[in-house]
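The lines below spell out each chain.
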Amino acid sequence: MRACSEDVGGVSLGLMVRWFCGSLTPMQDYDVIIIGAGHNGLTCAAYLGMAGIKVKVVERRAIVGGAAVTEEFFPGFRNSIAAYTVSLLHPRIIAELRLAEHGLKIVERRAQNFVPALDGRYLLAAEGATAGNVAALSRADGERYDAFNRGLDASADLLRELILQAPPNLRRGVSRESLRELIKLARFSNRIRRLSTQSLSTMLDLFFKSAGDYLDGWFEGDLVKALFGFDAIVGNYVSPYAPGSAYVLLHHAFGEVNGKKRTWGHAIGGMGAITQAMARVATSCGVEIETEAPVREVLVEKGRATGVVLGSGRVIRAAAVAANVDPKRLYTALVPAGALDAAFLRRMRAWRCGSGTFRMNVALSELPSFAARPGRAPQDHRSPGIILAPSLAYMERAFWDARVLGWSRAPIIEMVIPSTLDDTLAPRGAHVASLFCQHVAPELPDGSSWDERREQVADLMVETVERFAPGFAGSVVGRQALTPLDLERVFGLTGGDIFHGALSLDQLFWARPALGYADYRSPLRGLYHCGSGAHPGGGVTGAPGHNAARAIIVDWRKGRWSR
Ligand SMILES: Cc1cc2nc3c(=O)[nH]c(=O)nc-3n(C[C@H](O)[C@H](O)[C@H](O)COP(=O)(O)OP(=O)(O)OC[C@H]3O[C@@H](n4cnc5c(N)ncnc54)[C@H](O)[C@@H]3O)c2cc1C
């Protein structure tokens, strides 16, 4: 299969937009309105702007970027307050939007991960050293480590091929479009047929099995299983032994940094540097971006999206509308219910949103010192993702605790200290850390509000880090705690879902967001999905925005919604 079989005439979207540049005529207030200036809305806007399409982006917050922003959370301390680490952002998008020329610089972490245990052991995953470090804990695991990675890489390569194209869109009936989708499905099947039996078997495991079962089948050591198991429960409010959780591990494996696959890095200046660069590209192509402009309703006339109504009551008309908001919010809050088919609306009401994430930003007077590897000098083990969850059993307990109590008595935390790589974030000598805490209930089981529990749970998170790094609590000079409710309020993420909807097979590929609408189009003519609720799902990838722009440009060329 070609890397991007949807490319028109075999050329990239970048080339395609150049063909169209200047050739399109604006027909309404705007050709396209984009609801939301998250990184996908901005990516979509930039590609459309490059095509000469007249675009307006309306964003409810005062700043652009959605969950990929850098903000001052405590006087003198800035951080990527939500998304905090880069890998999934597609290199083609970085190149085609010329983000580096617009100021984006991404650096690798000095080591990838550090997994300390409470009994003094630890695992450091760093280029060229991980296999040896795994072997030091278990010889058998060390011997299997490379084979495990080859299997993961083969499946990640396949996924990578699918990222920048719409999945086969399963539709009933016979038409030119349904035939085209069948051909696409056949090409996809043929690509799978070419996999070796071993790779196919690994792929099936990664799509259908639980991460726990998959990892137990490979390794005996708890720390190596925790290293990979964490990726399976990131934003995925399930036990690591829930079937399908291995897919989320794979989802976190298709990225790269500066050409190095499955590597994570840091954007200098924080995640906001990515979205600020995107906004600069978009505006340089004529895109208008208006902030503090929440959309109250999508205008629908004769089954077609014709604009938006803002919270202020102002109406903005356009030939088409692209929604960067999650599908549940779009169809249950913004599109009039009467405009939708009952079955479609039922699916959207039942769309699973709620990733069980609690996010903290902390200002530190000094770097932490871990009991498992003491020392305060800026060593390798403090620049990576520090996983405080030393076994799959620990992660499973965290999930069941959260189901019953609302949060885990021993929560799962990934700590990243970006100031070890970037001196623009904290005052000299001080540091900032992201605490990405997993497995809190999106809604508390006792019916209380997260507003009543925020500080109590924030204290628990700090105490949890303290258990691994004695002295940490005393070094915290300021903090920001974002509960699932805050993630919804601040970023507009329904249920605080970091992915705009669970990454489970019933909500992925041709079913994201619904069967028949996996091609970024929707039941309403002129309404498109350009956010993470569309394929390939959440994470700072830029892919839904890129792919939606392609669909919009194709429709524009065919005059599907022009007056
Ligand atoms: C706490 C957290 C940590 C994460 N960590 C990482 C990470 O380290 N790496 C990674 O790759 N991914 C991470 N993610 C996931 C990733 O950030 C998201 O999946 C991704 O940013 C979603 O991008 P998006 O553009 O599709 O949507 P969003 O970023 O959600 O943007 C949607 C935009 O729409 C706006 N909006 C909503 N409603 C309206 C309305 N009515 N009118 C106008 N505008 C509206 C919102 O304000 C927002 O700006 C994290 C997410 C969170 C929340």
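In this text, all values refer to a predicted model and were calculated from it rather than measured experimentally. (Residues numbered from 1 in each chain as written. Predicted model: local features only at pLDDT ≥ 70, side-chain atom pairs only at ≥ 80, totals over all residues. Heavy atoms only, no water.)

### Considerations on the overall build of the protein chain
Basically, it comes down to this: The secondary structure listing takes helices from DSSP runs of H or I that are at least 4 residues long and strands from runs of E that are at least 2 residues long, numbered from the N terminus. Using C-alpha atoms as the atom set, the radius of gyration is obtained and then compared with a globule rule of 2.2 Å times the number of residues to the power 0.38. Contacts are assigned to residue pairs that have any heavy atoms within 4.5 Å of one another. What sets the accessible areas is the Shrake-Rupley method with a 1.4 Å probe; for residues, cover comes only from the shown protein chains.
A tally of regular secondary structure across the protein chain gives 18 helices and 20 strands. For the protein chain, whose C-alpha radius of gyration is 23 Å, the value lies close to the compact-globule estimate of 24 Å for 563 residues. If you take every contact in the protein chain between residues at least 6 apart in sequence, the share linking residues at least 24 apart comes to 74%. When the accessible surface of the protein chain is split by element, carbon and sulfur atoms take 52% of a total near 20700 Å².

### Some words on the confidence of the model for the protein chain
Put simply, the rule is: On a scale of 0 to 100, pLDDT captures the predictor's confidence in every residue.
Here the protein chain averages 93 in pLDDT, while 94% of its residues score no lower than 70. A low-confidence stretch, residues 1-11 stays under pLDDT 50, and its non-local contacts, those more than four residues away or across chains, total 28 contacts. Within the model, the stretch residues 18-26 combines pLDDT values under 50 with 17 contacts to residues more than four positions away or in other chains.

### Some words on the pairing of strand β4 (residues 77-80)
Stated precisely, the cut-off is as follows: In this scheme, strands are said to pair when DSSP sees at least two bridges between them.
Here strand β3 (residues 70-74) pairs with β4 via four bridges, running antiparallel. Each residue of the ladder has a partner; that of Phe74, found in β4, is Phe77. The antiparallel pairing of β3 with β4 creates a hairpin that spans two residues between the two strands, and Gly76 there sits at a positive phi of about 90 degrees.

### Focus on the environment of Asp222
Put simply, the rule reads: Any pair of nitrogen or oxygen atoms within 3.5 Å is treated as a polar contact; in protein, a donor-acceptor pairing is required on top of that, and neighbouring residues in sequence qualify only through side-chain atoms on both sides.
Relative to the helices and strands, Asp222 is located in helix α9 (residues 222-233). Each C-alpha atom of the pair Asp222 and Phe344 lies 43 Å from the other, and the pair is 122 residues apart in sequence. In this view, Asp222 contacts Arg121, Pro390 and Ser391; residues no more than four positions away in its chain are not counted. Here Arg121 takes part through its side chain, which lies 3.0 Å from a polar atom of the side chain of Asp222.

### Some words on the site of the ligand
Filter applied, for reference: By convention in these notes, a residue is near a molecule or strand provided one of its non-hydrogen atoms lies within 4 Å of it. In this classification, the charged set is Asp, Glu, Lys and Arg, the nonpolar set is Ala, Val, Leu, Ile, Met, Phe, Trp, Tyr, Cys and Pro, and all remaining amino acids, among them Gly, are polar.
Not every one of the 32 residues close to the ligand is listed here, only the nearest: Glu59, Ile498, His500, Ser532 and Gly539. Between the ligand and Asn324 there is a distance of 3.1 Å, counted from an oxygen atom to a side-chain nitrogen or oxygen. Contact distances for the ligand include 2.8 Å between an oxygen atom and a side-chain N or O atom of Ser532. If the ligand stood free it would expose 1000 Å²; the protein chains cover 97% of that surface. Taken together, the residues of the shell around the ligand sort by class into 15 nonpolar, 12 polar and five charged.

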